[in-house]
Structures are given as structure tokens and as C-alpha cells.
Amino acid sequence: MAAPESLSPAGGAGEEALDEDEDEAEAEDPERLAGANGARGGGGGGGGSGGAVAGGCVGSGSALTRRSVTLRVLLKDAQLEPGAGVLSIYYLGKKFMGDLQPDGRIVWQETGQVFNSPSAWATHCKKLVNPAKKSGCGWASVKYKGQKLDKYKAAWLRRHQLHVPAATADESPASEGEEEDLLMEEEEEEVLAGVSAEDKSRRPPVKGPSEPAHPEAAPLGKRVENHKTRAPVRYCMLGSRDSARNPHTLVEVTSFAAVNKFQPFNVAISSNALFLLDFHSHLTRSEVVGYLGGRWDINSQMLTVLRAFPCRSRLGDVDTAAAMEEEIYQSLLLRGLSLVGWYHSHPHSPALPSLQDIDTQMDYQLRLQGSSNGFQPCLALLCSPYYSGNPGPESKISPFWVMPPPEQRPSDYGIPMDVEMAYVQDSFLTNDILHEMTLLVEFYKGAPDAVRFQEPWDPEHTCLDKLKISLAGRMPKDQGLCHVLEQVCSVLKQGL
């Protein structure tokens, strides 16, 4: 990446280089502007309609603008004080610290690079995280001792421009173009950082003319279209752990070939396991979890997933979850199966792991390994039933496994690896799976987040149509499609 332009002072007499957000007008000292205007108006004191401001006279035609307020101006007027580490930028979970120099320049602590303006520093830092970033929105992005710089600029304008109403000066003094950039940046940060629907719902609602008063009243298809999906970030952009990073940030998986390694184990999964977890994921707009039962053959290095065990409990309900896990443990023993993994849904987002999913999977891998010296894998499956980016009505189900970070960088996140798996078609849908489906329908019956299958999913399909199409790709080989779908409809009707 090319070095940023003009990291040193530009021009003589200590004049500042033009900020990116000040490239339409020359950034000059307002005191000098005031003196010049006073001279053109006949010099001296406070004649005419001008008012005395900061030691000079400002005529009626020389109103100060936000573009004439620079860091050097705020320093001269004691609004800011120079210091080490007083400036900061938080962007997509990354933190950048800077020193404010007495001449208004910024020294980035990490590299020692010098920047002439907040915009130049913010743009440079943000491009390191997101190369597609075009501008930095410096005054609204850079904070001085935890407070955005544009607040200090607004206070300065309110103090020195007597004709500006206080309510107006209190607002962020961004230009029209900057306001658009800030709105786009807010959208970008929410998408890349993975703001959940629950987080959004806590904000004061901004209702458009066609928005329903309550989101739950809208058809599912419309909710999916309006849902702000979480766009994934590349693993190489994460770096070391940062407590400020959103744990719901989605991360792209890495192939073993990309890191010159072979997949350390083979995977085969039964159609019935996929059928049941897909059905479970379709029943609610909330995330679901469950466990995977199967067998591990150390000689052939084959992990076989034979059964899904849905958790009929809510996330965060510790008591119910503990009872559910005990029930699943007994079911595994009864069937002679071992715990080989877990599954989880992202109802409206891509079937990619979040940072939280990565940590959870790494924890499960270590716990499943136990004290044994031999390798025993743990598989994670992610199901995305209602993500609008899926190629069709069929859910996207993606396996992943976490490779520990390099030894020389132990504080990094684990690396989510894409796992290849073989699909084994079962002969028929067993009665215990049909029974489990009935229990799931009963569990979500009447819940506010339960999917209403008679509602439209898209202009051509109801939610029930969508479910049928998705399950059709996971059918047993010896049972007719119509017969299985009739069983599914029969189960659903019991819960309606």
C-alpha cells in the first residue's frame, strides 16, 4: 500500500496541509482571517456591524466556517492540550492511538508516522482495516480524551460565532458530504461488526411511512428483506484479540489447501442428522443449538455423524439447558453413540462462524479431547435457513473446525477452517426423529419468535413451501418425497 501523501508539514511558516474534509477551502487561522477582514473594513476596533472576536474584528461578510477551524486553532484557544495518547480511533473492533503535537500534527503511536489532520490519520488507519474505505470522516471519527473532535469544534464555533444559535452549534458540524459518509460508515460498521437484531431493537425506532409499528407484525419474507445481514471479515484482518471487537463479527472460513495443510480427519454425515437440524432451525427466528452424535474411528481417521440432538431450550436458560444436556447424554448412551460435535443456526445471516462461535468451538475441541493423548475431532455445523443471500430456498449448512493460532501469536483468534464432508443418505426417516420433530414443534408453539409457516417467505413461496424445498434435499432414499412431506405437515399441524 502506498504511503499517505504529505506526512510532513506542507509549505512555509508552519501552514497546515489541507484536510481531506477541508479541501474546498483553505484552512487558515481565524484570528488572521479576522485581522484581514478588519483591515479591509478600515482597520482597528469594532466599527460597523462586526463583533470583537478573539482579538480581531469579524465583519458581517466574514462569518467563520467549520473549515476554518483546525487542531492548531483549538490548541491556540486552549480548547485542546497537546499530549501523548490523547487521540484515538475505534474502527471495526480495531483501536488506534495518537499523540497530539503542539503544532496540531498527529503522531500515530504504532508507527511514528506524522499526519497533518484528523482526516488524513483516520483515512489511513481505516484503510488498513478496510481497504475499500474512501474517506476517514476525521473530526467525527477521532476522539480527544474519549470525546469526538467535532464536539470541540462545535463548542469553539458556539463560543466565537455569536450569530450561530446554540442548538445549531451543538450539532456535529459536518458538511453534507461528511454526513453522508458518516451514515455510510455507521451502516458499514454495523454490518462488518455484526450488529444483531436484538441490539438494533434497543435503539429508538425510526419509522418510515410503510414500516409496521411492531416488527413482529410483519410477514417473515419482508423481515428477511429488511434484516441487516452481517457481512463477514477475513481472518487475516482480525489480528490479536480485542475486547472492543463485537463477538458477533462473522469470519470467513479458510481452506486447508490455502495454508498448505491436509484436513486432519474425514467426515461423513447422515441425511437424517441434516434433516432434523434443518427442521429445527426453520421453526424460529431466534438462534438454535444442538449436539451431534456419532462415532470416531481412529484407524481410518473417519468421523461419522449419525444423529442430531436438538436442545429444546432457550439460549441463556441455564437450568433448562442443564436438564436438556443430561437428557441428550442419556440418549447418546442408549444408542451407543459418542458426542462428536454441535450445531448452531444463524437465521438471517450467512452460515459462517462468529468470533463467539470460534471460541466456543475451540473450547469444545479441547474438552472433547480430554486427557487422552490421541487425537479426537469435534465438528461444528452452522445452518442458515432464512438468509436472503442463499442461492435458493434450501438452507445453507456449513461445517467448520478451528485450527489453533500460531505458537508465536497465542493471543490471536483460532482459525476457522472449512471442512469437507461426505453425505450418506439414510434408508428411511426413523420414528424417533419424527417424535423429536413433534417435541420441537410443541416447544416453540405460541412463542413470539416462532415462524408462521402460512406466511409468505418470498413472492413465490410460503414459509412452508420453503421448508419443504429445503428438506427435500435431505430425504431418505427408500421413502417417497410426498410421504415424508406429508409427515412433516402432519407434525406442523399439531403445533398450529
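Here, the structure is the one placed above.
Report on the accompanying structure.

The rules behind the values
- For every chain, the first residue of the written sequence is number 1, and numbering continues from 1 along that sequence.
- The predicted origin of the model limits local features to residues at a pLDDT of at least 70 and limits the giving and counting of side-chain atom pairs to 80 or more, whereas totals for whole chains, interfaces and linings rest on all residues.
- Side-chain measures here rest on the full set of heavy atoms in the structure, leaving out hydrogens and waters.
- Partly exposed describes any residue whose relative accessible area lies between the buried limit of under 20% and the exposed limit of over 50%, with all areas from a 1.4 Å probe on protein chains only and scaled to the type maximum.
- Secondary structure counts use DSSP, requiring at least four H or I residues in a row for a helix and at least two E residues in a row for a strand, with both numbered from the N terminus.
- The reported arc concerns the directions from the helix axis to the C-beta atoms and nothing else.
- Here, a strand pair is defined by DSSP locating no fewer than two bridges between the strands.
- In this analysis an axis means a line fitted to C-alpha atoms, helices contributing only their contacting stretch, and an angle means the value between N-to-C directions, from 0 to 180 degrees.
- The contact criterion used is simple: two residues touch if any of their non-hydrogen atoms lie within 4.5 Å.
- Counting rule for charge: Lys and Arg are taken as positive, Asp and Glu as negative, and neither His nor the chain ends is counted.
- Each salt bridge in this description consists of a side-chain nitrogen of Lys or Arg and a carboxyl oxygen of Asp or Glu lying within 4 Å of one another.
- Here a polar contact is recorded for every N or O atom pair within 3.5 Å, except that within protein the pair must consist of a potential hydrogen donor and a potential acceptor, and residues adjacent in sequence are included only if both atoms are side-chain atoms.
- What makes a nonpolar core is a set of buried Ala, Val, Leu, Ile, Met, Phe, Trp, Tyr and Cys residues whose side-chain atoms join them at distances within 4.5 Å.
- Any two of the Phe, Tyr and Trp rings considered here, Trp counted by its six-membered ring, make a pair once their centres fall within 6.5 Å; the pair's planes then place it as stacked at under 30 degrees, edge-to-face at over 60, or tilted in between.
- Multiplying 1.5 Å by the residue count of a helix minus one yields the expected span of that helix.
- Angular relationships are summarised with four words: roughly parallel below 35 degrees, roughly antiparallel beyond 145, roughly perpendicular across 65 to 115, and oblique for the angles in between.
- Here a crossing is called left-handed whenever its near helix is offset anticlockwise from the far helix by less than a right angle, and right-handed whenever the offset is clockwise.
- Just so you know the grouping, Ala, Val, Leu, Ile, Met, Phe, Trp, Tyr, Cys and Pro go in nonpolar, Asp, Glu, Lys and Arg go in charged, and all remaining residues, Gly too, go in polar.

## Some words on helix α14 (residues 463-472)
- All of the buried residues in α14 are C463, K466, L467, S470 and L471. Within α14, the buried residues cover an arc of 125° as seen down the axis, which keeps them to one side.

## A closer look at the sheet that holds strand β12 (residues 338-345)
- With mixed pairing, the eight strands of this open sheet are ordered in space as β15-β14-β13-β12-β10-β11-β9-β16. The sheet is open, and its two borders are formed by β15 (415-418) and β16 (422-424), each paired with just one other strand. The average angle at which neighbouring strand axes cross in this sheet is 35°, direction not considered.
- Sitting on the sheet, helix α12 (residues 355-369) touches β10 (289-297), β12, β13 (379-384), β14 (396-403) and β15, and the angle it makes with β14 is about 65°.

## Re the side chain of R245
- Counting through the fold element by element, R245 comes out in the loop between α9 (220-226) and β9 (266-270).
- It is D242 that comes nearest to the buried, bridge-free R245 among opposite-charge side chains, at 5.8 Å.
- Among the polar contacts made by the side chain of R245, one reaches the main-chain carbonyl oxygen of L238 at a distance of 3.2 Å.

## Considering the nonpolar core
- Among the nonpolar cores identified, the biggest contains 70 residues, and L277, F279, L381 and M437 are the most heavily contacted of them.
- Not counting the four nearest positions on each side in its chain, M437 is found in contact with F275, L276, F279, V488 and V491.
- Residues I89, Y91, L100 and W139 belong to the second largest nonpolar core, which totals 25 residues.

## Remarks on the environment of A422
- Residue placement: A422 occurs in strand β16.
- According to the relative accessible area criterion, A422 is partly exposed, its value standing at 40%.
- Expressed as a C-alpha distance, the spacing of A422 and N266, which sit 156 residues apart in the sequence, is 8.3 Å.
- Each residue touching A422, except ones within four places of it in the same chain, is listed here: V267, A268 and I269.

## Thoughts on the packing of aromatic side chains
- Taken as a whole and assessed by the stated rule, the structure comprises six aromatic pairs.
- Relative to Y364, the ring of W342 lies with its centre 5.3 Å away and its plane at 85°, an arrangement referred to as edge-to-face. Within this pair, whereas W342 is found in strand β12, its partner Y364 is found in helix α12, the two being separated by 22 residues in sequence.
- Ring geometry for F443 and Y444: centres 4.9 Å apart, planes at 85°, overall edge-to-face.
- By relative accessible area, which is 30% here, F443 ends up partly exposed.
- Ring pairs connect the aromatic residues F256, F265 and W401, which therefore count as one cluster.

## Description of the pattern of salt bridges
- The full count for this structure, using the stated rule, is 11 salt bridges.
- A salt bridge links R241 to D359; the nearest nitrogen and oxygen atoms lie 2.8 Å apart. Placement of R241 in the loop between α9 and β9 and of D359 in helix α12 is noted, with a sequence separation of 118 residues between them.
- When its relative accessible area of 32% is taken as the criterion, D359 is described as partly exposed.
- It is possible to trace a salt-bridge network through shared partners that takes in D278, E394 and R474.

## Some remarks on the environment of G239
- Secondary-structure assignment places G239 in the loop between α9 and β9.
- Spatially, the C-alpha atom of G239 lies 9.3 Å from that of R409, the residues being 170 residues apart in sequence.
- Excluding residues that lie within four positions of it along the chain, G239 makes contacts with K94, R409, D412 and Y413.

## Overview of the sheet that holds strand β8 (residues 147-148)
- On the basis of which strands lie adjacent, the open sheet formed by six strands has the order β6-β5-β4-β3-β7-β8 and antiparallel pairing. Bordering the open sheet on either side are β6 (114-115) and β8, each of which pairs with just one other strand.
- With six bridges joining them, strand β3 (residues 83-91) and strand β4 (residues 94-100) adopt antiparallel strand pairing. The partner of S88 across the bridge, within β4, is M97.

## Section: helix α10 (residues 271-282)
- Along its 12 residues, α10 runs 17 Å from first to last C-alpha, staying within 8% of the 16 Å computed at 1.5 Å per residue.
- Counting buried positions along α10 yields 12 of 12 residues, so the element is predominantly enclosed.
- Within α10, the full set of buried residues consists of S271, N272, A273, L274, F275, L276, L277, D278, F279, H280, S281 and H282.

## Concerning the packing of α10 against α14
- Relative to each other, α10 and α14 sit at 160°, their axes nearing to 10 Å. It follows that α10 is roughly antiparallel to α14 by the angle criterion. Viewed along their axes, α10 and α14 form a crossing whose handedness is right-handed. Within the contact between the two elements, α10 uses F275, D278, F279 and H282 and α14 uses K466, L467, S470 and L471.
- Its residues assigned to classes, the contact of α10 with α14 shows four nonpolar, two polar and two charged.

## Observations regarding the pairing of β12
- By the criterion of burial, β12 is predominantly enclosed, with six of the eight residues buried.
- Of the strand pairs in this sheet, β10 and β12 are connected by six bridges, and their pairing is antiparallel. Looking at the pairing, G294 lines up with S338 of β12.
- As judged from the five bridges shared by β12 and β13, these two strands associate in the parallel manner. By the bridge assignment, Y343 is partnered in β13 with L381.

## Topic: the packing of α10 against helix α13 (residues 431-444)
- Packing of α10 against α13 leaves a shortest axis separation of 10 Å and a crossing angle of 10°. Taken together, α10 and α13 sit at an angle that is classed as roughly parallel. Of the residues in α13, those in contact with N272, F275, L276, F279 and H280 of α10 are I433, E436, M437, L440, V441 and Y444.
- In terms of residue class, the contact of α10 with α13 is made up of eight nonpolar, two polar and one charged.

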